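The residues making up each chain are set out below.
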Amino acid sequence: MDNNTHKLVVIVASVREGRFGPVVASWFAEQADLHGGFDVDVVDLADVEIPLSLPAASPKYAGDDYPRPAGMQPLTRALESADAFVVVTPEYNHSYPASLKAAIDWHFTQWTAKPVAFVSYGGAAGGRHAVLHLENVLTELHAVTIRDGLAFPNYFTAWHDDRPLDPETPGYAKTLLDQLAWWAGALKSAREVTPYPA
């Protein structure tokens, strides 16, 4: 990675059987590679041990001593090393999956003062309800959410051969990635100059 390239972690949020998330994440990771501003790592939560029961202490205050399961270490390392995140999420009952909430709650400082963008999919709303809820949650963790995201309403008819049918979609992805790269660079520089006062 050079100084103009940022470490991007693309998170596949759904662990549901038959999920569409890996298809969307793979396509988006390809767009991020083509963009040229990122070193891309895709993290699939289906491959991570994420218990729903949490330790008594908060990860905000426990820091490196927080007792995470051994199977969560790859996720923690990926979040820690990231300069930016893209969350690929479906919408379940007007919100996002429990697997994603658990992954978020097992961490705190790994999200702090870093930008997060969203790629959502679903029925008529295209996952937008899930994104609205995520914006509130990640703001609480002092992350910076990106305005321009991607949403795929009725994804089951909007994709063919693992690619979106709308020819404008790569342009929308570039707008998201341009904003994400700007924030990744600005926030990384700021963190290097002065520790974030969380």
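Computed from a predicted model, the values in this text were never measured in an experiment.

1. Focus on the nonpolar core
In this structure, Ile11, Ile50, Leu75, Phe85, Leu100, Ile104 and Trp111 are the most contacted members of the largest nonpolar core, which totals 32 residues. Every element with two or more residues in this core is listed here: β1 (6-12), α3 (73-81), β3 (84-90), α4 (98-105), β4 (115-121) and α5 (128-140). For this core, the element with the highest residue contribution is α5, accounting for five residues. Ignoring anything within four residues of it in the chain, the contact list for leucine 100 reads Ile11, Ala13, Leu45, Val87, Thr89 and Leu134. Core analysis: the second largest hydrophobic core is formed by 26 residues, Leu8, Phe28, Leu150 and Ala184 among them.

2. Some thoughts on the side chain of threonine 76
Its place among the elements puts threonine 76 in helix α3. Note on threonine 76: relative accessible area 14%, which makes it buried. Apart from residues lying up to four places away in sequence, threonine 76 is in contact with Arg68, His107 and Gln110.

3. Some words on α3
Among all positions in α3, only Leu75, Thr76, Ala78 and Leu79 are buried. One side of α3 carries all its buried residues, which in axial view fall inside an arc of 165°. Elements that come into contact with the buried residues of α3 comprise β1, β2 (38-44), β3 and α4.

4. Examining the pattern of salt bridges
The full count for this structure, using the stated rule, is eight salt bridges. Arginine 19 is paired through a salt bridge with aspartate 44; the nearest N and O atoms lie 2.8 Å apart. Of this pair, arginine 19 sits in the loop between β1 and α1 (21-35) while aspartate 44 sits in strand β2, and the two are 25 residues apart along the sequence. For aspartate 44, a relative accessible area of 15% corresponds to the buried category. The partner of lysine 101 in a salt bridge is aspartate 105, with the nearest N and O atoms 2.7 Å apart. Taken together, the residues span about one helical turn, with lysine 101 and aspartate 105 both in helix α4 at a distance of four residues. Given a relative accessible area of 30%, lysine 101 falls into the partly exposed group. Ionic contacts of the salt-bridge type, sharing partners, join the residues Asp83, Lys188 and Arg191 into one network.

5. So, the environment of serine 99
By the secondary structure assignment, serine 99 is in helix α4. You can call serine 99 buried: its relative accessible area is 12%. Sequence-wise, serine 99 and valine 88 are 11 residues apart; in three dimensions their C-alpha atoms are separated by 12 Å. Discounting chain neighbours no more than four positions away, the residues touching serine 99 are Ala13, Ser14, Val15, Leu45 and Ile50.

Rules behind the numbers
- Residues numbered from 1 in each chain as written.
- Predicted model: local features only at pLDDT ≥ 70, side-chain atom pairs only at ≥ 80, totals over all residues.
- Heavy atoms only, no water.
- Core = buried A, V, L, I, M, F, W, Y, C linked by side-chain atoms within 4.5 Å.
- Buried < 20%, exposed > 50% of the residue type's maximum accessible area, 1.4 Å probe, protein only.
- Helix = DSSP H or I, 4+ residues; strand = E, 2+ residues; numbered from the N terminus.
- Contact = heavy atoms within 4.5 Å.
- Arc of directions from axis to C-beta.
- Salt bridge = Lys/Arg side-chain N within 4 Å of Asp/Glu carboxyl O.

On their own, these measurements won't tell you what the molecule is for.
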